[in-house]
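Here is how the chains run, residue by residue.
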Amino acid sequence: MRGERGTAHGTALFVAAVVAVVLFAGAHASAQTPALPGQVLAFDRGKGNCLTCHDIKGGEAPGNLGPPLADIKTRFPDRKELRGIVFDETKRNPQTVMPPFGRNLILTDGEIEAIVDFLYTR
Amino acid sequence: MRISRAIASVVVTMMIAALVVAGARPAAAADTIDPDADFKAFRAYFTKLFPNVPLNDFVNGPYSMDAELRKQWEAIDDFPPYDFAIDRGKQMFATAFKNGKTYGDCFPEKGIGIRQNYPYFDDKTGEVITLELELNRCREANGEEPYSYVKDEMASLTAYMAFTSRGKPFDIKIPNDPRALAAYQKGAEYFYARRGQLNFSCASCHVQNPGNHIRTEVLAPALGIVAAMPIYRSEWSGMGTMSRRLVTCNSQVRGVPLKPQDELYRDVEYYLSYMSNGLPVSGPGTRP
């Protein structure tokens, strides 16, 4: 009995080790293509927190108060327009619930530029 | 003074007009205070938006909006996490203060089955009295220290009082008294005014976006939103009162919360409760 348990224990340890190696390799592989700084800012709950309201490829558990952020190049050929929406969408649409990230100093101009860069990759 | 007041009045009128135009405030004319017309517009807005939600189901908040969430709720509700609060509240009601009086002595019907009548306008003091405020005034009148408004003992007391009132339709009265109408109107304006760094009003979520998701959370409709109070929130790992909900809402939009039971918060509760007239008390409730 004790022997059997010992063997099972050993097997479990071995499986855990293999899993750990595989996971580590996976983490290593993804580390080779680091997220754009704008992606980090966009997904950070204390910064853009865009996923609270928008579905964005690469983000988990998105909300749906705003439209999915996809095909950005097609939808916003004018970068100024997209930047303006992030800066203060209430200018275009007074009823929007989108926070005015620039006007209310939630994000700096540089952070908004970085997020806009990232959005053009979606 | 007169000029600044006039400007403030114009600003408020414009603000409400803008909201009405876009449909954010389902209300009647902005220049007169007409709670009954507001009530009809508010009710019509939500029932039109959710034609398949039975009227009395709005008190179940996000569960009335989302089938999957409702299934999880029904599973949890076999052993509701607020049960301990009801038991504790019941015990507190049965225990006398040091002077021999009880909570029941402070309320009509000994405090049983009366939750649906709160808040009410007190024509003697000219202010809105909520259940939480009345409970602490009861304690103080009997020589006891007031409780924190946001959770623990206060939530246990209101949980028990709500439980004894379950199913009773909200019956909030706004007497034809300019002070009562002003309190109602201030509550409505607070509810629809944007605030905080994130620039949200209460209505941004609970009127403009009920049923929608912020991350995985389903936003509750403003219609019936007071009915389940107090609530056990998983996010809080415990019970919270109406006061707690208002304070956390303000913080979440990076605004500055008022003090629990501030006059304005009571006015907001007055407005929202009047909008829920006719809907059944469902508290205490659970929310994710």
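Residues numbered from 1 in each chain as written. Chains lettered and ligands numbered in written order. Predicted model: local features only at pLDDT ≥ 70, side-chain atom pairs only at ≥ 80, totals over all residues. Heavy atoms only, no water.

A. View of the sheet that holds strand β6 (residues 238-240) of chain B. All names here are of chain B. Reading across the sheet, the three strands line up as β6-β5-β7 and stay open at both edges, with mixed pairing between neighbours. Edge positions in the sheet fall to β6 and β7 (285-287), since each has one partner strand and no second. Strand after strand, the sheet turns through a mean of 35° between neighbouring axes, direction not considered. Two strands pair when backbone bridges link them, and strand β5 (residues 231-233) and β6 are joined in this way by three bridges, in the antiparallel orientation. Across the sheet, residue Tyr232 finds its bridge partner in β6, namely Met239. (Pairing = 2+ DSSP bridges. Helix = DSSP H or I, 4+ residues; strand = E, 2+ residues; numbered from the N terminus. Axes fitted to C-alpha atoms, helices over the stretch in contact; angles between N-to-C directions.)

B. Spatial organisation of helix α4 (residues 83-94) of chain B. Residue and element names in this part refer to chain B. Along its 12 residues, α4 runs 17 Å from first to last C-alpha, staying within 8% of the 16 Å computed at 1.5 Å per residue. Those residues of α4 lying buried are Ala85, Ile86, Gly89, Met92 and Phe93. Down the axis of α4, the smallest arc covering the buried residues is 125°, so these residues share one side. Turned more than 90 degrees off the buried face of α4, the exposed positions are Asp87, Lys90, Gln91 and Ala94. (Expected span 1.5 Å × (residues − 1). Buried < 20%, exposed > 50% of the residue type's maximum accessible area, 1.4 Å probe, protein only. Arc of directions from axis to C-beta.)

C. Structural view of the side chain of Asp267 of chain B. Residues and elements named next belong to chain B. Within the secondary structure, Asp267 sits in helix α10 (residues 263-275). One buried charged side chain, Asp267, makes no salt bridge at all; its nearest oppositely charged neighbour is Lys186, positioned 4.1 Å away. If sequence neighbours within four positions are ignored, Asp267 has contacts with Val128, Ala183, Lys186 and Gly187. (Lys, Arg positive; Asp, Glu negative; His and termini not counted. Salt bridge = Lys/Arg side-chain N within 4 Å of Asp/Glu carboxyl O. Contact = heavy atoms within 4.5 Å.)

D. Quick look at the interface of chain B and chain A. Facing 20 residues of chain B, the contacting portion of chain A comprises 24 residues. Summed over both partners, the interface of chain B with chain A comes to about 1700 Å²; 46% of that surface belongs to carbon and sulfur atoms. Contact with chain A buries area across many residues of chain B, yet Arg194, Gln197 and Arg215 of chain B alone supply 40% of it, more than any other trio. Across the chain B-chain A interface, the total number found is zero salt bridges. Looking at the side of chain B that touches chain A, the elements that each hand over two or more residues are α1 (2-22) and β3 (213-214) of chain B. The element contributing the most residues to the side of chain B that touches chain A is α1 of chain B, with three residues. Split by residue class, the side of chain B that touches chain A holds eight nonpolar, nine polar and three charged. (Buried area = accessible area lost by both parts, 1.4 Å probe. Nonpolar A, V, L, I, M, F, W, Y, C, P; charged D, E, K, R; others polar.)

E. Quick look at the packing of α4 of chain B against helix α6 (residues 152-163) of chain B. Residue and element names in this part refer to chain B. Two numbers describe how α4 lies on α6: the axes approach to 7 Å, and their chain directions differ by 90°. When the axis of α4 is compared with that of α6, the two are roughly perpendicular. Touching Ala85, Ile86, Arg88, Gly89, Lys90, Met92 and Phe93 of α4 are Asp152, Glu153, Ser156, Leu157, Ala159, Tyr160, Met161 and Phe163, all from α6. Here the residues of the contact of α4 with α6 sort into nine nonpolar, two polar and four charged. (Parallel < 35°, antiparallel > 145°, perpendicular 65-115°, else oblique.)

F. Up close: the side chain of Ser273 of chain B. Residues and elements named next belong to chain B. Within the secondary structure, Ser273 sits in helix α10. Taking the relative accessible area as the measure of exposure, Ser273 reaches 0% and is therefore buried. A distance of 2.6 Å separates the side chain of Ser273 from the backbone oxygen of Glu269, its partner in a polar contact. For Ser273, the residues in contact, after removing those within four places along its chain, are Tyr118, Pro119, Phe170, Ile172 and Val226. (Polar contact = N/O pair within 3.5 Å; in protein donor to acceptor, adjacent residues only side chain to side chain.)

G. Representation of the state of the cysteines. Tallied over the full model, the rule gives one disulfide over all chains. Cysteine Cys50 of chain A is unpaired, with the sulfur of Cys53 of chain A as its nearest cysteine sulfur at 9.1 Å. On the accessibility criterion, Cys50 of chain A (13% relative accessible area) is buried. Summary of cysteine pairing: Cys202 of chain B is not part of a disulfide, and the nearest cysteine sulfur, belonging to Cys249 of chain B, is at 6.2 Å. Classification of Cys202 of chain B by relative accessible area gives buried; the value is 14%. (Disulfide = S-S within 2.5 Å.)

H. Structural detail: the pattern of salt bridges. Taken as a whole, this structure holds 22 salt bridges over all chains when the rule is applied. With a closest N to O distance of 2.8 Å, Asp177 of chain B and Arg179 of chain B form a salt bridge. Assessed through its relative accessible area of 38%, Arg179 of chain B is described here as partly exposed. Among the salt bridges present, the one from Glu263 of chain B reaches Lys186 of chain B, with a minimum N-O distance of 3.5 Å. Highlighted residues: Glu263 of chain B in helix α10 and Lys186 of chain B in helix α7 (residues 178-192), separated in sequence by 77 residues. A relative accessible area of 42% means that Glu263 of chain B is categorised as partly exposed. You can call Lys186 of chain B partly exposed: its relative accessible area is 37%. A network of salt bridges, in which partner residues are shared, links Arg79, Arg83, Glu113 and Asp117 of chain A.

These results come straight from atomic positions and should not be treated as a statement about function.
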